[in-house]
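Each chain, written out:
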Amino acid sequence: MRYKKKRSKKKIVGYSILVVFLLLIGGTVFAYYQLKPENHFSKVPLVSSGDKDSSKTIEKKVKIDDPIFNVLLIGSDQRKGQKIGHSDTMMVVSVDLKNYKYHMLSIPRDSRVYLDGYGYTKLTSAQYILQNDLGAKKGIEAAVGVISDFTGIPINYYVETNYTGLEEIVDALDGINMNVPFDVKLTHSWYPENKNKVIAAGEHSLTGKMVTELVHERYSLSNGEYGRQQLQKEALVGIAKKALSPKTVTKLPELVDSISEFIVETNMSNSDIISIAYAVQNFDPDKQIQYHQLTAQGQTLYDDILKNNNSQIVINEDEMKKIVEEYYIH
């Protein structure tokens, strides 16, 4: 009888271990199932509709047939210790996780825009004004709405970082390889030691500090803001290549856990970011990314908020509408 009791206890322990093991496996399978892009992105939030005449519903869930959505990337000039900033960089990425296609559109920071209740100003100023009046979180959401209304692009997700955050992202990846499409002289450097340094055209292995310097420069570039947009695009491609490389992709959950150190504001969850990473492990930017820039005319116009005349960019609205309707309306 004692032998049988001992055997029963062993069986119980064995069954318990088996049950725990099965639960762990089941939980892992369920988590993976939930994170598969076609499951995870079966519904996406709608932060702003892109329709100037509609009332925006923040975080409205919209059913979609395929995992296709738009992500607004904002790089602000907000420094450590500050709670508000100007939108220094604005890009909208159309993400098609089924067909592995990504359309990237740069929006000039000095685009002339009408801000309800304030008048005409530069698009870069909208974030600062709205955050100053509404607070950091509500202000950035309102700024997302202004960008969406201006372009006509529905925005599902937004991610805001600043130059410090960009530097830390690159350094967390142990640097990136970045293609510099033309010679760049750092006339407007953030760090005094880099003043007037020249980065020659070509492929470079760069730290976060130098990537930050490059995406900030525009005054020395022959095509000014449009040249800076090209540098920003190349920096994003370099980051994506490194983050999704076989050596790094296994560390993504760990990196995502510390994402709050890099991101100022976002409506993307950690699971959103990991799910995207699952989908783009075979990322080939040379084949999968199509980059777009808007044509425009530079003019000196009156700024209703700053109460002076300054250089502004008047976008070719017909061309913008054509790009938006073809690549960003799903």
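Residues numbered from 1 in each chain as written. Predicted model: local features only at pLDDT ≥ 70, side-chain atom pairs only at ≥ 80, totals over all residues. Heavy atoms only, no water.

1. Some details on the overall build of the protein chain
Then step 1. Broken down by element type, the protein chain carries 12 helices and 16 strands.
Then step 2. Put simply, the protein chain has 330 residues, and 48% of those count as buried.
Then step 3. Long-range contacts, defined as pairs at least 24 residues apart, comprise 64% of the intrachain contacts of the protein chain with a sequence gap of at least 6.
Then step 4. As presented, the protein chain carries roughly 17600 Å² of accessible surface, and 53% of it is formed by carbon and sulfur atoms. (Helix = DSSP H or I, 4+ residues; strand = E, 2+ residues; numbered from the N terminus. Buried < 20%, exposed > 50% of the residue type's maximum accessible area, 1.4 Å probe, protein only. Contact = heavy atoms within 4.5 Å. Areas by Shrake-Rupley, 256 points an atom, 1.4 Å probe, with all protein chains shown as cover.)

2. A closer look at the layout of surface pockets
Then step 1. Within this model, the largest pocket holds a volume of roughly 1300 Å³.
Then step 2. Ranked by residues supplied to the lining of the largest pocket, first place goes to helix α7 (residues 224-243) with seven residues.
Then step 3. Tallied by class, residues from the lining of the largest pocket come to 36 nonpolar, seven polar and no charged. (1 Å grid on protein atoms, 1.4 Å probe; cavity = no way out; pocket = protein on both sides within 12 Å on 5 of 7 lines; lining within 4 Å. Points joined across faces, edges and corners; volume = space filled by probe spheres on them. Nonpolar A, V, L, I, M, F, W, Y, C, P; charged D, E, K, R; others polar.)

3. What about the sheet that holds strand β8 (residues 157-162)?
Then step 1. The mixed open sheet is built from six strands, whose spatial order is β13-β8-β3-β4-β5-β14. Of all the strands in the sheet, the pair left with one neighbour each is β13 (263-266) and β14 (289-293). Geometrically, the sheet is characterised by an average inter-axis angle of 20° between neighbouring strands, direction not taken into account.
Then step 2. Each of β4 (87-96), β5 (101-106) and β14 is contacted by helix α12 (residues 317-327), which is oriented at about 160° to β14, the strand it contacts most. (Pairing = 2+ DSSP bridges. Axes fitted to C-alpha atoms, helices over the stretch in contact; angles between N-to-C directions.)

4. Points about the packing of aromatic side chains
The way to describe two aromatic rings as a pair is by their centre distance and the angle between their planes.
Then step 1. In total, this model carries five aromatic pairs according to the counting rule given.
Then step 2. Ring centres of Phe69 and Tyr157 lie 5.4 Å apart, and the angle between their planes is 80°; on these two criteria the pair is classed as edge-to-face. Here the residue Phe69 occupies a position in strand β3 (residues 68-76), and Tyr157 occupies one in strand β8, the gap between them amounting to 88 residues. In terms of burial, Phe69 and Tyr157 fall into one category: buried.
Then step 3. Three or more aromatic residues joined by ring pairs make a cluster, and in this case those are Phe41, Phe69 and Tyr157.
Then step 4. If you follow Lys209 out to its NZ or CZ, it ends over the ring of Tyr191, 4.5 Å from the centre.
Then step 5. In this structure, Lys233 packs its charged tip against the face of Tyr291, placed 5.5 Å from the ring centre. (Phe/Tyr/Trp six-rings, centres within 6.5 Å; stacked < 30°, edge-to-face > 60°. Lys NZ or Arg CZ within 6 Å of the ring centre and 35° of its normal.)

5. Some words on the packing of helix α6 (residues 208-216) against α7
Then step 1. At their nearest, the axes of α6 and α7 sit 8 Å apart, and the two run at 150° to each other. Of the possible angle classes, the one that applies to α6 and α7 is roughly antiparallel. Where α6 abuts α7, its residues Val211, Leu214, Val215 and His216 lie against Arg228, Leu231, Gln232 and Ala235.
Then step 2. Considered class by class, the residues forming the contact of α6 with α7 number five nonpolar, two polar and one charged. (Parallel < 35°, antiparallel > 145°, perpendicular 65-115°, else oblique.)

6. Focus: unusual backbone geometry
Then step 1. For Asp174, which is not a glycine, the phi torsion comes out positive at approximately 60°.
Then step 2. Positive phi, normally seen in glycine, also occurs at Asn196, with a value near 70°.
Then step 3. Residue position: Asn196 is located in the loop between β10 (184-185) and β11 (198-199).

7. As for α6
Then step 1. Across the nine residues that make up α6, a large majority, eight, are buried.
Then step 2. By the burial criterion, the buried members of α6 are Gly208, Met210, Val211, Thr212, Glu213, Leu214, Val215 and His216.

8. What to know about the nonpolar core
Most often, soluble globular proteins keep nonpolar side chains buried together rather than apart.
Then step 1. Phe69, Leu97, Val211 and Leu214 are the most contacted members of the largest nonpolar core, which has 44 residues in total.
Then step 2. At five residues, α7 tops the list of elements feeding residues into this core. (Core = buried A, V, L, I, M, F, W, Y, C linked by side-chain atoms within 4.5 Å.)

9. Digging into the environment of Thr161
Then step 1. Within the fold, Thr161 resides in strand β8.
Then step 2. A C-alpha to C-alpha distance of 9.7 Å links Thr161 and Thr89, two positions 72 residues apart in sequence.
Then step 3. If we ignore the near neighbours within four places in the chain, the residues touching Thr161 are Ile74, Gly75, Ser76, Leu166, Phe262 and Val264.

10. Details of the environment of Met268
Then step 1. Counting through the fold element by element, Met268 comes out in the loop between β13 and α10 (270-279).
Then step 2. C-alpha of Met268 to C-alpha of Tyr158: the two residues are 110 residues apart in sequence and 7.2 Å apart in space.
Then step 3. Those residues in contact with Met268, other than ones at most four positions away along the chain, are Tyr157, Val159, Ile273 and Ile276.

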